[in-house]
Amino acid sequence: MNTASGLNIPQTLEEVCDPQRVALLVYDMQVGILSQIANPDKVTGQVLKVLTAARDACVRVFFSRHLSLPKELMGVFQLRTAMAWQRVNSPEEVNPWFLRDSPGFQIVPELTPLPTEGVFDKLAMSAFEGTWLDLALRDCGINAFIIVGVATEIGIEPTVRHGTDLGYIPVFVTDACGAGKEEAATRSVESLKFTGDAILTDTETILRQFPKTKTK
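Residue numbers run consecutively from 1 along every chain, following the written order of its sequence. Per-residue local features of the predicted model are confined to residues with pLDDT of at least 70, and side-chain atom pairs are confined, for both listing and counting, to 80 or more; whole-chain, interface and lining totals are unaffected and use all residues. To get the side-chain values, take all heavy atoms of the structure and skip hydrogens and water.

Asker: Quick rundown of the pattern of salt bridges? Include the residues and the values.
Answerer: Salt bridge criterion: a side-chain nitrogen from Lys or Arg within 4 Å of a carboxyl oxygen from Asp or Glu. Applying the stated criterion across every chain, the model contains nine salt bridges. The partner of R65 in a salt bridge is D121, with the nearest N and O atoms 2.7 Å apart. With a gap of 56 residues between them, R65 in strand β4 (residues 60-66) and D121 in strand β5 (residues 118-122) connect regions that are remote in the sequence. Under the relative-accessibility criterion, R65 is labelled buried at 18%. Across the pair R161 and E157 runs a salt bridge whose closest N-O atoms are separated by 3.0 Å. Taken together, the positions of R161 and E157, both in helix α6 (residues 152-165) and four residues apart, correspond to about one turn of that helix. Ionic contacts of the salt-bridge type, sharing partners, join the residues R65, R100 and D121 into one network. A run of DSSP states H or I qualifies as a helix once it reaches four residues; a run of E qualifies as a strand once it reaches two. Both are numbered from the N-terminal end. Here the term buried applies to any residue with accessible area under 20% of the maximum for its type, exposed to any over 50%, and partly exposed to those in between, with areas from a 1.4 Å probe on protein chains only.

In structure tokens:
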């Protein structure tokens, strides 16, 4: 590992994936979101592989959930976004898809969070905007995060970029992230490759980084 001014500067995936310094972020693996993509079972299976390996290695795990507020509490941003996603022309036609107690809001049962794992709700696309995630990671001495989930072109890319701006090293597991539109997801991946701030990898490679230290 390189050092400078007394700081360790991880560069390889192995150096970044120290179980004490990295967390797993499972992004928006919700029933109502997975129902909108073409291959939900495949994505869920890949995410489960990464989640299981992280749990076995005692890596800290966090889940995000995208939340819709009741229409009475929706402001300009939320209404404009909902109108765009739902392809309607007026706020009156908006239907909040992810109300807290709705079936679509829930995380898919295959990935049910453990009592030892964090679950937080968000209104924005970046998992860091308006949430306690940054505080929780820093408080645990974490400087990198692995991200899996849905959708690459809508929420994964903004979270990776925001995380980089906050000083984290993002690890983007490309085949454990689903997409609503493959062409847009491909552009997101290529853009992240170009900037070079994140480490892009695949499921089988990330699995090799985690020693099985969990007591059975």
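Asker: Run through the packing of aromatic side chains, naming residues and quoting values.
Answerer: The aromatic pairing rule takes the rings of Phe, Tyr and Trp, using the six-membered ring of Trp, and pairs them if the centres are within 6.5 Å, calling planes under 30 degrees apart stacked, those over 60 edge-to-face and the rest tilted. Under the criterion given, the structure shown has six aromatic pairs. Taking the centre distance of 5.3 Å and the plane angle of 65° together, the rings of F120 and W132 count as edge-to-face. On the criterion of sequence distance, the pair formed by F120 in strand β5 and W132 in the loop between β5 and α5 (133-139) is long-range, its members being 12 residues apart. Considering the side-chain rings of F145 and Y168, the 6.2 Å spacing of their centres and the 75° angle between planes classify their relative orientation as edge-to-face. On the criterion of sequence distance, the pair formed by F145 in strand β6 (residues 144-150) and Y168 in the loop between α6 and β7 (169-178) is long-range, its members being 23 residues apart. Overall, the relative accessible area of 4% leaves Y168 in the buried class. Members of the aromatic cluster, each reached through a chain of ring pairs, are F62, F120 and W132.

Asker: So what about the nonpolar core? Which residues, and what values?
Answerer: In terms of nonpolar packing, the biggest core is built from 38 residues, with L24, V26, I146, I206 and F210 touching the most fellow members. Elements supplying a minimum of two residues to this core: α1 (13-16), β3 (22-27), α2 (31-34), α3 (40-56), β4, β6 and β7. Here the element with the most residues in this core is α3; it accounts for six residues. Among the nonpolar cores identified, the runner-up in size contains 22 residues, and I142, F172, C177 and V189 belong to it. By convention a nonpolar core is built from buried Ala, Val, Leu, Ile, Met, Phe, Trp, Tyr and Cys residues, the set being connected through side-chain atoms within 4.5 Å.

Asker: Quick one: what's the story with the layout of surface pockets, residue by residue and with numbers?
Answerer: Roughly 450 Å³ of internal volume is contained in the largest pocket. Cavity means a closed set of points on a 1 Å grid over the protein atoms alone, one where a 1.4 Å probe fits but cannot get out, pocket means an open set with protein on both sides within 12 Å along at least 5 of 7 lines, and lining means a residue has an atom within 4 Å of a point. Along its surface, the largest pocket is lined by 20 residues, and Q36, W85, A151, I154 and G180 are the ones closest to its centre. The element contributing the most residues to the lining of the largest pocket is α6, with three residues. Lys, Arg, Asp and Glu make up the charged group, whereas Ala, Val, Leu, Ile, Met, Phe, Trp, Tyr, Cys and Pro make up the nonpolar group; the residues left over, Gly among them, are polar. Taken together, the residues of the lining of the largest pocket sort by class into 12 nonpolar, four polar and four charged. In this structure, the second largest pocket spans a volume of roughly 200 Å³. What lines the second largest pocket is a set of 14 residues, and nearest its centre among them are T174, D175, C177, G178 and E182. Split by residue class, the lining of the second largest pocket holds six nonpolar, five polar and three charged. Grid points are joined across faces, edges and corners, and a volume is the space filled by probe spheres set on the points.

Read these as geometric descriptors, not functional statements.
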